[in-house]
Amino acid sequence: MVSLGIVVCSIVIVTSCGALDLSFPPEFKFGSASASYQVEGAWNVSDKAISVWDKLVHDNPDAISDRSNGDVACDSYHLWQRDIEMAEELGLHFYRFSISWPRVLPSGYANYISKDGREYYDNLINGLLEKGIEPLVTIYHWDLPQNLQELGGWLNPMITDLFADYAKVLFSLYGDRVKTWLTLNEPMAMCDGTFNTGTMAPPLVVEDVGAYICNKNILIAHAKAWRIYDEEFKPLYNGEVSIANNFFWYEPLTPDDEDIAEAARQNMGGRYSHAIYTKEGGWPPVIEKMVAEASEKKGYNKSNLPEFTQDEIELIRGTFDFYAVNHYTTRLIRHAEPGEELDLNDVPDLNGKVLVNPDWPTTTSSWFSVYPEGLRRQLVWLKEQYGDIKFLITENGYSSGIGLEDTARINYYRDNLEQILLAIKEDGVNVVGYTAWTLMDNFEWSDGYQSRFGLYEVDFDSPTRTRTPRASAAYYKNIIKAHKLVEPNENF
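Calculation criteria
- What you see as residue numbers is a count from 1 along each chain, following the sequence as written.
- Residues qualify for local features only when their pLDDT is at least 70, as the model is predicted, and side-chain atom pairs are given and counted only at 80 or more; totals for whole chains, interfaces and linings, by contrast, use all residues.
- The side-chain numbers reported here are obtained from all heavy atoms of the structure, hydrogens and water having been left aside.
- The helix count covers DSSP runs of H or I at least four residues long, the strand count covers runs of E at least two residues long, and both are numbered beginning at the N terminus.
- Radius of gyration: over C-alpha atoms. The globule rule applied is 2.2 Å multiplied by the number of residues raised to the 0.38 power.
- Exposure categories follow from relative accessible area, calculated using a 1.4 Å probe and restricted to protein chains: below 20% of the type maximum is buried, above 50% is exposed, and the middle band is partly exposed.
- Contact definition: two residues touch when any of their heavy atoms are within 4.5 Å.
- The protein chains shown are the only cover counted for residues, whose accessible areas, like all others here, come from Shrake-Rupley with a 1.4 Å probe.
- The sign given to each residue is positive for Lys and Arg and negative for Asp and Glu; His and the chain ends receive no count.
- For charged residues, the charge sits on one atom: NZ in Lys, CZ in Arg, CG in Asp, CD in Glu.
- Polar contacts, as counted here, are pairs of nitrogen or oxygen atoms within 3.5 Å of one another; within protein the pair requires one atom able to donate a hydrogen and one able to accept it, and residues that are adjacent in sequence qualify only if both atoms are side-chain atoms.
- Here a strand pair is declared whenever DSSP counts at least two bridges between the two strands.
- With strands facing away from the observer, any crossover in which the path from the first strand over the helix to the second runs clockwise is taken as right-handed.
- Patches in this entry comprise residues that are over 30% relatively accessible and not in a salt bridge; like charges within 9 Å are linked, as are nonpolar side chains (Val, Leu, Ile, Met, Phe, Trp, Tyr) within 5 Å.
- We define a salt bridge as a contact between a side-chain nitrogen of Lys or Arg and a carboxyl oxygen of Asp or Glu at a distance within 4 Å.
- To estimate how far a helix should reach, multiply one less than its number of residues by 1.5 Å.
- To obtain the arc, one takes the directions from the helix axis to the C-beta atoms.

### Considering the overall build of the protein
And step 1. Along its length, the protein carries 16 helices and 13 strands.
And step 2. Against the 2.2 N^0.38 benchmark of 23 Å for 492 residues, the protein shows a C-alpha radius of gyration of 22 Å, consistent with a compact globule.
And step 3. Seen through its principal axes, the protein has C-alpha atoms that stretch 65 × 60 × 50 Å.
And step 4. Here the protein holds 492 residues, and 60% of them are scored as buried.
And step 5. By sequence separation, contacts in the protein at least 24 residues apart represent 76% of the contacts at least 6 residues apart.
And step 6. Just so you have it, the protein exposes about 18600 Å², and 49% of that area is on carbon and sulfur atoms.
And step 7. Considering the protein, the positive charge centre built from 42 side chains and the negative charge centre built from 72 side chains are found 4 Å apart.

Here it is as structure tokens:
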């Protein structure tokens, strides 16, 4: 067991302007996060319906590296009080969790609300508030009701109204107590990660067009939900709503590759942001141009990027109260050589070849190399693109193996928080909070339980899913308590 005692030591970071003030702004908030399918378990308890992830792991266990599933996971459905206790032990200002669509609306539609599903989230929200911890709720973190997938899921335009109906139910049930909402988590993973690779649920590859159709539907679904809150619930509760985008920061391999690096940034971030956060709305112009050219080369008679109507542009534009950033890692990119074969780890429609710097440390996740400077550069880029708005880091964390002494994770948190401080104090980026991913080890999608992101280690062989704080939990608690960046210290 690692103690959560407080030890505060000093760090001095020298910048071009002198020593950096390591304190965070007075209103800056610290939190941690989880997601429903990854922690709740209870996959068939009460009247909960089947999700796309339930179906994937049961129909094709080989899709998961260790053939595991989320049937029990951390058993947070039954152990929610322990979840709150851990959040309190850390001194979190907020706890980000997601709500399971098929648990609250088993039919997928708003015609029937599960009593047990509603009460589970009521208990979690009320329990957090009793401890002075704010609930930050993600409406959708990938567990789509399977019956809606059978209608086409995120490729069917009707999903936008179904999602808006679902969001309205949640605003009605919990809006009096939840003041910060995220509509959808990581649409890039939902669309590109699903329909380009088939590695996510549903395991459905729809080459060339699927990701772009999904992309447009997600933007419209988000906008409809945001406008419902803004018009019907914001006057009552004065909360805030956004969408959580994930980013790889793209660094050019050489100075001559800056244009392809910028195109890659627009492809990962701009495709899910430009329509919302810019004055003109719609798709990023560079993406419109490059996808049209790629579509023509593939023999299509029009671009695979679906057009927005003027009404759709108006619907989506301005549907934000802050910008939510998920960030873990960075890539290098260069122009592809003539005739060079590109795979889905590259950016084929942009003709970009993606690389990883071999000098960057690696983690237990195959996609994850460590380059903290990318976070600061990402934040500065977002400010340059979308203006001086509020930014909330909604995910940032490190994957490791089993073990309580997780020095690499501590270093990752320290280095990334340093970059956030530099972005705030040197670059003037208005970052208002930080969310450590994740509160506890959980079902990490296709990696199963082999990649551990938790501040708390979970014993998945224990019937009670024992959770034990890692050294990183003590370090994070130190930072929250001091409200400044402190030196990692092994003697907690």
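### Structural notes on the side chain of Asn 215
And step 1. Inspection of the secondary structure puts Asn 215 in helix H9 (residues 210-237).
And step 2. For Asn 215, a relative accessible area of 0% corresponds to the buried category.
And step 3. Side chain to side chain, Asn 215 and Arg 271 meet in a polar contact 2.8 Å long.
And step 4. With residues near it in sequence (within four places) discarded, Asn 215 still touches Cys 191, Arg 271, Tyr 272 and Trp 283.

### Quick look at the pairing of strand S10 (residues 391-396)
And step 1. Most of S10 is tucked away, with six of its six residues classed as buried.
And step 2. Relative to S10, strand S8 (residues 323-335) runs parallel, the two being bridged by four bridges. Bridge pairing links Tyr 323 to Phe 391 in S10.
And step 3. Sheet analysis places S10 next to strand S11 (residues 431-436), joined by four bridges and oriented parallel. Pairing of Phe 391 across the sheet is with Val 431, part of S11.
And step 4. Where the polypeptide runs from S10 across helix H15 (residues 407-425) and back to S11, its parallel neighbour, the crossover connection is right-handed.

### Comments concerning a nonpolar patch on the surface
And step 1. Residues Tyr 109, Leu 151 and Met 158 make up a contiguous nonpolar surface patch of roughly 240 Å² in combined accessible area.
And step 2. Following the sequence through the fold, Met 158 ends up in the loop between helix H6 (146-149) and helix H7 (159-174).
And step 3. For Met 158, a relative accessible area of 34% translates into the label partly exposed.

### Overview of helix H8 (residues 187-195)
And step 1. In terms of burial, H8 is largely enclosed, as nine of its nine residues are buried.
And step 2. Listed in full, the buried residues belonging to H8 are Pro 187, Met 188, Ala 189, Met 190, Cys 191, Asp 192, Gly 193, Thr 194 and Phe 195.
And step 3. Buried residues in H8 make contact with strand S5 (134-140), strand S6 (180-185), H9, strand S7 (240-252) and helix H10 (258-268).

### Focus on helix H12 (residues 285-297)
And step 1. The first and last C-alpha atoms of H12 sit 19 Å apart over 13 residues, in line with the 18 Å expected at 1.5 Å per residue.
And step 2. Buried within H12 we find Ile 287, Met 290, Val 291, Ala 294 and Ser 295. On an axial view of H12, the arc spanned by its buried residues comes to 135°, and they lie on one face. In H12, those exposed residues whose orientation departs by more than 90 degrees from the buried face are Pro 285, Lys 289, Glu 296 and Lys 297.
And step 3. Looking at the buried side of H12, the elements it contacts are H9 and H10.

The values reported here are purely geometric and, on their own, carry no functional implication.
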